[in-house]
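These are the residues of each chain, in order.
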Amino acid sequence: MFSGRMTGSQSSLLLAQLEELHELAFIERPIRRSLKTAEEIDQLTVDEDLNDIERAVYLLSVGQEVQRASVISNLPILVRQNPAETFRRVVPKVREVLNGAGAEIQLAAAASFLTILQDDIILIHTHTYSILKTVLLHLNHRDTVVSNAWLETLLSAINALPKETIKQEVLNPLLYQSQLSHSLQARLSSCRILGKVACKFDSHMVKKELLPLARSLCQDVEFEVRACMCRQLESIARATGVDDTRTELLPELLELAEDEESNVRLAAFDTIINLMEMMDSDDRVHIVVPLVMSVCEEATSADKAVLVSLSFQFGKLCSGLEGFLSDEQKSRLMQRFRVLCVAGLQTEGNQTDGNNESILVRCNCCYNLPAMVVFAEAAHFLSELYPSFSSLCCDPEVSVRRSAAASFHQVVKLLGSNVQLVHKELLALLQDDALEVLDALMNHLEETLEAVLSRGENVTLDNKIPELLAALLLAEQKVGCSLRWRLHEKLLQRYSYLARLLPGEVLHQSFSPRIFIILTTNKVLPVQKEAARTFCMFLRYNRKHEQRQEMMERLIQDLAQGRSYWNRLRFLDICEMATEIFSRKYINKHFLMPALELVHDPVANVRYKLCQLLPRLRSSLRLPADKQLLQQLDFCVQKLLCREKDKDVVATIRKFHKRQEKDLLDQKKEKEETLLLEMLERQQTDGKLNSDKHTERKRRDSKTSLSATKSMSVSSSGAAFSSSGKEMRKAKLSRSRSLSSQPTISKAANSDRPLKVKELSGASGPGKSSNKDDSLRTAHFTMATQSTSSMPVLIRSNTTGLLDRASALEHRSSSSTMDHRTSTLDQRDHRSSAMDHRTSNMEHRTSNIDHRTSTMDHRTSTMDHRTSTMEHRTSNMDHRNDGMDHRTSTLDHRTSTLDHRTSTLDHRTSTLDHRTSTLDHRTSTLDHRTSTLDHRTSTLDQRTSSIDQRDHKTSTLDQRSKTMDRSCGIKDSQSRKLSINRKSNSFTIQSARD
């Protein structure tokens, strides 16, 4: 018995295997039949060496239909790559293929040519003949689908075509195709082309060329042509203008509105309503209003197309004719709208007849509800529109309820304080079983809730808020149980707006627990993130500290310290959203430390998420208040750098560390730049103070130099007067006897005089004007002596005693003068030695300054070269900084002041104390100028030039001593000549004066 059972089971297994084999054979048969043979594969094979153009030409010539369709579909790509060769070689082949091609290739060609015409790569003028001729050639294809495809191509290309091309290539064939001898399809295409090209030309061209053609098509024998042309009259009217529309097109439309075919009448009605904005008040009252009233009265449930059009245009009609209707006409229109709202509904049980046109009518009524609320006014909403509105919100068809939900937010905003009237309908839509209705309501739920909940002063509405919240929670649960996670995400996003409308207590009791459950249990990541954002919004606008603390503790315990790594990741998401919602202080207080504790998380994904979040957490810190938190963050970063083994986490934390190092380096650079700016400001301030001091000092020095110059001029004039008086006395003593004048070396002396003065003046160059007054005195003394020696002497013979006495007196006076001069020279030698001592002191100070300068030169290797070319470097520094110009000018001015002070140094030899104080002041000035290298170097050059001047002064004093000795010798020779020439009788006083 057991063997028999085994045999039966084996036979059943064999039968099952045979059936499976038969099924596999049946399935594989078509596959084997669809395989290609070797010949077919050879036919489909193309040489790989061919370029794209050659391959396209080859496939269009000898390829199969599927290959040709592929080439035609890729024609825009070939045009972008090589337009010239494509239009020269490929497009002619495409035109040949299209002559006898099927519908698939025709449709592919129409789409490709449309893409080429709309593309900006090619010039339309260049290839108009190649493309447009092909489009127009196949426009009247025998297949209606193909013909419509080519027509759509042409209509879309008209916008890109120029006016001349449209006029030559489109309008001329259009005049021919609009004749009655052509097919119905050709005349319908002419109507659509005529409406499309009307916007390309001016009103004169449209009135002259297109309007007669449009009139002829409106009188066509076929009602399809009349209806099609009637719908194109709107674009023609907008092209012609208001005046021509009233005179030319409006009578034509009124005639079409009385056509025997309902399609034509409907087209005329739609066109008149669309052109109502171009009509004046008289036309609206006498033409539009009677037409609308007649259509409303004649429209029956049998004529569904008229009802659909009327329901769609009803809101526009009522808005455009609101000021031109009587109360009776308004009530009739309202009654007609109420009838349309229940079109197709059976009275018993509110059942529908299932007619699509009736459903479309009611959907159009939902679309026009806001306009009808404005037309009926919000105060009369309850009596005029509320029954119809309630019926549409509770319609048995889902599409109608969805349309009502889509326009619900506009209705509640128009109702204002009467918003409580539609509270029941809002609850019904929120509790609708169809998720499509809820989806439409969610699109503008925040506007709806704002309009409903902002009327808090209404006690009736306040009592209904718990019902509204319960309906919202029920809607969320219904969506959460479905698979529509995008709708769930949208709903949670809209619920976050409740935080601004409702008190925090209400949200904490009703919504927060549900949102937290979604956050911890939902498995869809976008939904969880949106729930986290909503929870943060509730936390942000909750004003009670205890509730906020409770919500934060729950976040930390259940998410940050949760057992599931998924919850810990959600906490990091909440931290990321918190940076956008909360302040920095709140983030650092509540979110930062729990987030940093996740650095020890055993799951690498959590650590990786934390590393991605670190830049945002770092940006929330404010120094120096958050210095400790920054140290904690840096400590966590160092831990990750030292202990982390996951490569992704290591890469992320290294990237953050490098960014942090760059930030620190940038902060350091910023501090250095700030210090440099402060130093420059201080230097500019010091420069201004020094310039003010220098100006004051210059004014005092100028006054002192003027007084010294006046005293020198007075002393020189007194000396000249004393020398002339002495010569007069000599003349009186020797006038008893005059002799013939004997010219001596006066000419030579006179010739040497300007040379000596020139030499003395040349000795005082720039920067050496200190010897100027002494040289002038020396020159004056020499010239006076020479003039005295060159005078002719006339002495009487009987006055020898007097002459002897005079010579004795003169000898005594000359000896006393020589003694005085010798003592003066001794004093000057003493002064020269004092000057040498001071010069040595100056050299010592200069050596100290040189030592300091050498210390500074150690920092800059090229400072010697800069010192030698200080003027060039100063000019370059003037280019680099405008402030250095002022400093350089100040230095030049100080240099000139020092030169002037040096020139007055000899005049101040009588006051050594004053000169010593001046030298001390200069020494202090030198010490002050050692603060900057540029000032120090220039001061060294000036001091060196001063020392050279003092050396030159010493040499000048030696020359003066020699000159005094020479003058004494000349005086002795003059005495001897006076004793020898006693034979002279007299001398001329005038010559002595000369």
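Residues numbered from 1 in each chain as written. Predicted model: local features only at pLDDT ≥ 70, side-chain atom pairs only at ≥ 80, totals over all residues. Heavy atoms only, no water.

Peer 1: Before we move on, could you go through the overall build of the protein and cite the residues and values that matter?
Peer 2: Scanning the protein from terminus to terminus reveals 48 helices and two strands. Taken across its 994 residues, the protein has 42% of its residues classed as buried. Sequence-distant contacts in the protein: of pairs separated by 6 or more residues, those separated by 24 or more amount to 72%. As displayed, the protein offers around 54700 Å² of accessible surface, 53% of which is attributable to carbon and sulfur atoms. (Helix = DSSP H or I, 4+ residues; strand = E, 2+ residues; numbered from the N terminus. Buried < 20%, exposed > 50% of the residue type's maximum accessible area, 1.4 Å probe, protein only. Contact = heavy atoms within 4.5 Å. Areas by Shrake-Rupley, 256 points an atom, 1.4 Å probe, with all protein chains shown as cover.)

Peer 1: Run through the confidence of the model for the protein, naming residues and quoting values.
Peer 2: Mean pLDDT over the protein works out to 75, with 69% of the residues at or above the 70 mark. Across the protein, the element-wise mean pLDDT spans from 37 in helix α40 (residues 746-763) up to 94 in helix α23 (residues 398-406). Scored below 50 in pLDDT, residues 1-18 makes zero contacts in the model with residues more than four places away or belonging to other chains. Note on residues 24-33: pLDDT is under 50 here. Beyond four places in sequence and across chains, it has zero contacts. (pLDDT = per-residue confidence, 0-100.)

Peer 1: Outline a positive patch on the surface, listing residues and values.
Peer 2: A grouping of Arg654, Lys655, Lys658, Arg659 and Lys662 is seen on the molecular surface, where their side chains present a positively charged patch. The residue Arg659 is located in helix α39 (residues 647-733) in this model. Arg659 sits in the partly exposed class, given a relative accessible area of 39%. (Patch = residues over 30% accessible without salt bridge, like charges linked within 9 Å, V, L, I, M, F, W, Y side chains within 5 Å. Salt bridge = Lys/Arg side-chain N within 4 Å of Asp/Glu carboxyl O. Lys, Arg positive; Asp, Glu negative; His and termini not counted. Charge placed at Lys NZ, Arg CZ, Asp CG, Glu CD.)

Peer 1: Help me get a handle on the packing of aromatic side chains, residues and values and all.
Peer 2: What describes a pair of aromatic rings is the distance from one ring centre to the other and the angle between the planes of the rings. Per the counting criterion, the structure on display carries 14 aromatic pairs. Aromatic side chains Phe389 and Phe408 sit 5.7 Å apart centroid to centroid with 35° between the ring planes, which places their arrangement in the tilted category. Taken together, the positions of Phe389 in helix α22 (residues 386-393) and Phe408 in helix α24 (residues 408-415) put the pair 19 residues apart, joining distant regions of the chain. For the residue pair Phe389 and Phe408, the accessibility class agrees, reading buried in each case. Ring geometry for Phe516 against Phe535: centres 5.6 Å apart, planes inclined by 55°, an arrangement best described as tilted. With Phe516 in helix α31 (residues 504-521) and Phe535 in helix α32 (residues 525-540), this residue pair connects regions lying 19 residues apart in the sequence. Residue class for Phe516 comes out buried when judged on its relative accessible area of 2%. Phe535 gets classed as buried once you look at its relative accessible area, which sits at 3%. Connected via pairs of aromatic rings, a cluster forms that spans Phe381, Tyr386, Phe389 and Phe408. The ring centre of Phe375 lies 6.0 Å from the NZ or CZ of Lys330, which sits over that ring. The ring of Tyr541 carries Arg540 above its face, with NZ or CZ at 5.2 Å from the centroid. (Phe/Tyr/Trp six-rings, centres within 6.5 Å; stacked < 30°, edge-to-face > 60°. Lys NZ or Arg CZ within 6 Å of the ring centre and 35° of its normal.)

Peer 1: Give a description of the side chain of Glu476 that names residues and reports values.
Peer 2: Position of Glu476 relative to the elements: it lies in helix α29 (residues 465-481). When sequence neighbours within four positions are dropped, the list of residues in contact with Glu476 reads His488, Leu491, Leu492, Tyr495, Arg514 and Ile518.

Peer 1: Talk me through the nonpolar core; I want residue IDs and the actual numbers.
Peer 2: Core analysis: the biggest nonpolar cluster contains 213 residues, and Ile193, Ile236, Leu472 and Phe591 have the highest contact counts within it. Per element, the largest residue contribution to this core is nine residues, and it comes from helix α13 (residues 223-240). In contact with Phe591, other than residues within four places in its own chain, are Met552, Phe571, Ile574, Cys575, Ala578, Phe582 and Tyr586. (Core = buried A, V, L, I, M, F, W, Y, C linked by side-chain atoms within 4.5 Å.)

Peer 1: Before we move on, can you summarise the environment of Arg89 with the specific residues and values?
Peer 2: Counting through the fold element by element, Arg89 comes out in helix α6 (residues 83-99). Sequence-wise, Arg89 and Glu54 are 35 residues apart; in three dimensions their C-alpha atoms are separated by 8.7 Å.

Peer 1: Got a sec to walk through the pattern of salt bridges? Specific residues and values, please.
Peer 2: Applying the stated criterion across every chain, the model contains 30 salt bridges. For Arg88, the salt bridge is made with Glu85, and the minimal N-O distance between the two is 2.7 Å. One end of the pair, Arg88, and the other, Glu85, are both in helix α6, three residues apart, so they sit about a helical turn from each other. Of the residues examined, Arg88 reaches a relative accessible area of 53% and is grouped as exposed. For the salt bridge of Lys544 with Glu505, the shortest nitrogen-to-oxygen distance reads 2.3 Å. One end of the pair, Lys544, is in the loop between α32 and α33 (545-560); the other, Glu505, is in helix α31, with 39 residues separating them in the sequence. Because the salt bridges share partners, they merge into one network encompassing Arg533, Arg570, Asp573, Glu576, Glu580, Lys609 and Arg616.

Peer 1: Can you lay out the packing of helix α7 (residues 103-118) against helix α9 (residues 144-158) for me, pointing to particular residues and giving the numbers?
Peer 2: Contact geometry for α7 and α9: axes closest at 9 Å, N-to-C directions at 5°. Overall, the two elements α7 and α9 adopt an arrangement that is roughly parallel. Together, Ala103, Gln106, Leu107, Ala109, Ala110, Phe113, Leu114, Leu117 and Gln118 of α7 and Val145, Val146, Ala149, Trp150, Thr153, Ser156 and Ala157 of α9 make up the contact between the two elements. Among the residues making up the contact of α7 with α9, the classes are represented as twelve nonpolar, four polar and no charged. (Axes fitted to C-alpha atoms, helices over the stretch in contact; angles between N-to-C directions. Parallel < 35°, antiparallel > 145°, perpendicular 65-115°, else oblique. Nonpolar A, V, L, I, M, F, W, Y, C, P; charged D, E, K, R; others polar.)

Peer 1: Outline the state of the cysteines, listing residues and values.
Peer 2: Counted by the stated rule, this structure contains zero disulfides. With no disulfide of its own, Cys230 has Cys218 as its nearest cysteine by sulfur position, at a separation of 6.4 Å. The thiol of Cys536 is not disulfide-bonded; the next cysteine sulfur, from Cys575, is found 8.5 Å away. Accessibility expressed as a relative area gives 1% for Cys536, which makes it buried. (Disulfide = S-S within 2.5 Å.)

Peer 1: Run through helix α18 (residues 327-341), naming residues and quoting values.
Peer 2: For α18, spanning 15 residues, the distance from its first C-alpha to its last is 21 Å, which sits close to the expected 21 Å at 1.5 Å a residue. Listed in full, the buried residues belonging to α18 are Leu333, Met334, Arg336, Phe337, Leu340 and Cys341. The buried residues of α18 all sit within an arc of 160° when viewed along its axis, so they share a single face. Projecting away from the buried face of α18 at angles above 90 degrees are the exposed residues Asp327 and Glu328. Against α16 (281-298), α17 (304-320), α19 (356-367), α20 (369-376), α21 (381-384) and α22 lie the buried residues of α18. (Expected span 1.5 Å × (residues − 1). Arc of directions from axis to C-beta.)

Peer 1: Describe the environment of Leu333, with residues and values.
Peer 2: Within the secondary structure layout, Leu333 lies in helix α18. Expressed as a C-alpha distance, the spacing of Leu333 and Val292, which sit 41 residues apart in the sequence, is 9.3 Å. Beyond its immediate stretch of four places on either side in the chain, Leu333 contacts Val292, Met293, Cys296, Phe314, Cys318, Leu325 and Phe375.

Peer 1: Let's hear about the packing of helix α34 (residues 565-581) against helix α37 (residues 604-619): which residues, and what values?
Peer 2: Two elements in contact, α34 and α37, have axes separated by 10 Å at closest approach and are oriented at 10°. With respect to α37, the axis of α34 lies roughly parallel. Of α37, the residues touching α34 (which contributes Tyr565, Arg568, Leu569, Leu572, Asp573, Cys575, Glu576, Thr579 and Glu580) are Asn605, Val606, Lys609, Leu610, Leu613 and Arg616. Class assignment for the residues of the contact of α34 with α37 results in seven nonpolar, two polar and six charged.

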